[in-house]
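# Structural characterization, general
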Amino acid sequence: MFYPDSGRVLTDGKQIDRKKIRIGYMPEERGLYPKKIITEQLVYLSMLRGMSKPDAKKACEKWLERMGMSEYKNKKLETLSKGNQQKIQLAATLMCDPQIVILDEPFSGLDPVNAMLLKDVIKEMISGGTTVLFSSHQMNYIEEFCDNICVLNSGKIALDGRIKDIKRSYPRDRIEIVSENADKISSFIISKMGDMILSADIDEKEETVLNIKLRDAEFKSRLLAGLSECGFDIDSFKVCEPTLNDIFVEYTEAGI
């Protein structure tokens, strides 16, 4: 057993009590036995975590069915594909009905179908009140599931907080307009509203997308009002926030 050098783990502001709080952990590196029968090892691992054998068997049946893996229950783990082994690993994590779930790179190696299944299971856990701690370098999944983030750089916290608050802390001076008349809108803005903008450029890959850089974020309402008065057919008008990937790169490359 490895004991912590320092620090505490709190739940709801109180020291965590391992006898009362059930924790499920899914490691990035698979922690199951490749040459053992799937049902046998799932039941065995659940019993190690305090479940009775009958309850462990019921939980095993439930989660294998939920993962679409019932037909493999008497197979050895090594006979399964990497994606199916990942689903068995998740079943092992959830069989004890944990209150806190820690997932380390859970989507690694999954095909789109299995990734969708895993996404559904995670959403079910969150909506059911389970606390999910998600460790990943795949920012699209982090952005989809997480309310709060913590960016680590060289083992230290470089950034933490609510994703929405972090994004809104950036200047809201970049606008994206989507319209079949993007070229005409660009010309209009440059000629009639040049005092409000720094640039108005058609996207290189998509000619219906116009990217605008304002001199000040406060000008966005005036810009929208001016375009509305001129009757341009606009499909969308939105403030461009940085993606979580942009934010991650900024804080890890900066060496903070």
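Model, not experiment: these values are computed from the prediction. (Residues numbered from 1 in each chain as written. Predicted model: local features only at pLDDT ≥ 70, side-chain atom pairs only at ≥ 80, totals over all residues. Heavy atoms only, no water.)

## Quick notes on the environment of M67
Stated formally: Numbering of helices and strands starts at the N terminus; helices are DSSP runs of H or I of at least 4 residues and strands are runs of E of at least 2. It only takes one pair of heavy atoms within 4.5 Å for two residues to be counted as in contact.
Along the chain, the position of M67 falls in the loop between α2 (53–66) and α3 (82–94). Put simply, M67 and L118 are 51 residues apart on the chain and 8.4 Å apart in space, counted from C-alpha to C-alpha. M67 has contacts with K87, L90, A91, L94, L117 and V121, leaving out every residue within four places of it along the chain.

## Quick notes on the sheet that holds strand β4 (residues 100–104)
The condition that has to hold: Should DSSP find at least two bridges between two strands, the strands are regarded as paired. To obtain an axis, a line is fitted to C-alpha atoms, over the contacting stretch when the element is a helix, and the angle between two such axes runs from 0 to 180 degrees between their N-to-C directions.
Strand order across the open sheet formed by three strands is β3-β4-β5, with parallel pairing between neighbours. Each edge of the open sheet is held by one strand with a lone partner, namely β3 (23–26) and β5 (131–135). The mean angle between the axes of side-by-side strands here comes to 10 degrees, regardless of whether they run parallel or antiparallel. Sheet topology places β4 next to β5; five bridges connect them, and they run parallel. Bridging from a neighbouring strand, I102 pairs with L133 of β5. Where α3 meets the sheet, its contacts fall on β3 and β4, and the angle it forms with β3 comes to roughly 165 degrees.

## Here's the deal with the packing of α3 against helix α4 (residues 112–127)
Worth spelling out the cut-off: Note that the term roughly parallel is reserved for angles under 35 degrees, roughly antiparallel for angles over 145, roughly perpendicular for angles of 65 to 115, and oblique for everything else. In this scheme, a crossing is called left-handed if the near helix is turned counterclockwise away from the far one by less than a right angle; it is called right-handed if the turn is clockwise. Only Asp, Glu, Lys and Arg are considered charged in this grouping, and only Ala, Val, Leu, Ile, Met, Phe, Trp, Tyr, Cys and Pro are considered nonpolar; every other residue, Gly among them, is considered polar.
One way to put it is that α3 packs onto α4 with a least axis distance of 10 Å and a crossing angle of 15 degrees. The orientation of α3 with respect to α4, classified from their angle, is roughly parallel. For the pair α3 and α4, the sense of crossing is left-handed. Contacts between α3 and α4 involve G83, N84, K87, L90 and L94 from the former and N114, L117, L118, V121 and M125 from the latter. Here the contact of α3 with α4 is composed, by residue class, of six nonpolar, three polar and one charged.

## Some words on the nonpolar core
What counts here: For our purposes a nonpolar core is just a set of buried Ala, Val, Leu, Ile, Met, Phe, Trp, Tyr and Cys residues, chained together by side-chain atoms within 4.5 Å. Burial status follows relative accessibility: with a 1.4 Å probe on protein chains alone, a residue under 20% of its type maximum counts as buried, one over 50% as exposed, and anything between as partly exposed.
Of all hydrophobic cores here, the largest spans 49 residues; its most connected members are L42, M67, I88, L90, L94, L103 and F107. Per-element tally for this core: the top contributor is α4, with six residues. Once residues lying within four places of it in the same chain are set aside, the contact partners of F107 are Q86, A115, L118, K119, I122, F134, Q138, Y141 and F145. Counting residues in hydrophobic clusters, the runner-up holds 15 residues, among them A182, A200, L210 and L227.

## Focus on the packing of aromatic side chains
Rules: Only Phe, Tyr and Trp rings take part, Trp by its six-membered ring, and two of them pair if their centres are within 6.5 Å. Stacked means planes under 30 degrees apart, edge-to-face means over 60, and tilted covers everything else.
Counted by the stated rule, this structure contains five aromatic pairs. Between F107 and Y141, the aromatic rings sit 3.7 Å apart at their centres with planes inclined by 5 degrees, giving stacked as the arrangement. Of this pair, F107 sits in the loop between β4 and α4 while Y141 sits in helix α5 (residues 139–145); the two residues are 34 residues apart in sequence, bridging distant segments of the chain. Like Y141, F107 is buried. Their ring planes at 5 degrees and their centres at 6.1 Å tell us that F107 and F145 sit as a pair that is stacked. Remark: F145 occurs in helix α5 and F107 occurs in the loop between β4 and α4; sequence separation between them is 38 residues. F107 sits in the buried class, given a relative accessible area of 3%. Residue class for F145 comes out buried when judged on its relative accessible area of 10%. Members of the aromatic cluster, connected to one another through ring pairs, are F107, F134, Y141 and F145.

## Overview of the side chain of D173
Turning to its location among the elements, D173 is positioned in the loop between α6 (163–168) and β8 (174–178). Leaving out residues up to four positions away in the same chain, D173 has contacts with I212, K213, L214, D216 and A217.

## Digging into a negative patch on the surface
Note the cut-off: Think of a patch as exposed residues, more than 30% relative accessible area, with no salt bridge, where like charges cluster within 9 Å and nonpolar side chains (Val, Leu, Ile, Met, Phe, Trp, Tyr) cluster within 5 Å. The Shrake-Rupley method, run with a 1.4 Å probe, gives the accessible areas here. Residue values count only the displayed protein chains as cover. Definition used for salt bridges: Asp or Glu carboxyl oxygen within 4 Å of a side-chain nitrogen of Lys or Arg. Neither His nor the chain termini are counted; the positive set is Lys and Arg, and the negative set is Asp and Glu. Charged side chains are reduced to one point each, which is NZ for Lys, CZ for Arg, CG for Asp and CD for Glu.
Taken together, the side chains of E180, D183, E206, E207, D233 and D235 present a region of like negative charge at the surface. Following the sequence through the fold, D233 ends up in the loop between α8 (220–229) and β11 (236–239).

## A word on the sheet that holds β11
Here four strands make up an open sheet; going across it, the order is β9-β10-β8-β11 and the pairing antiparallel. Looking at the sheet topology across the chains shown, the edges are occupied by β9 (197–202) and β11. On average, each strand axis in the sheet is inclined to that of its neighbour by 15 degrees, with strand direction left out of account. The sheet contact formed by β9 and strand β10 (residues 209–214) spans five bridges and is antiparallel.

So yeah, pure geometry; function would need other evidence.
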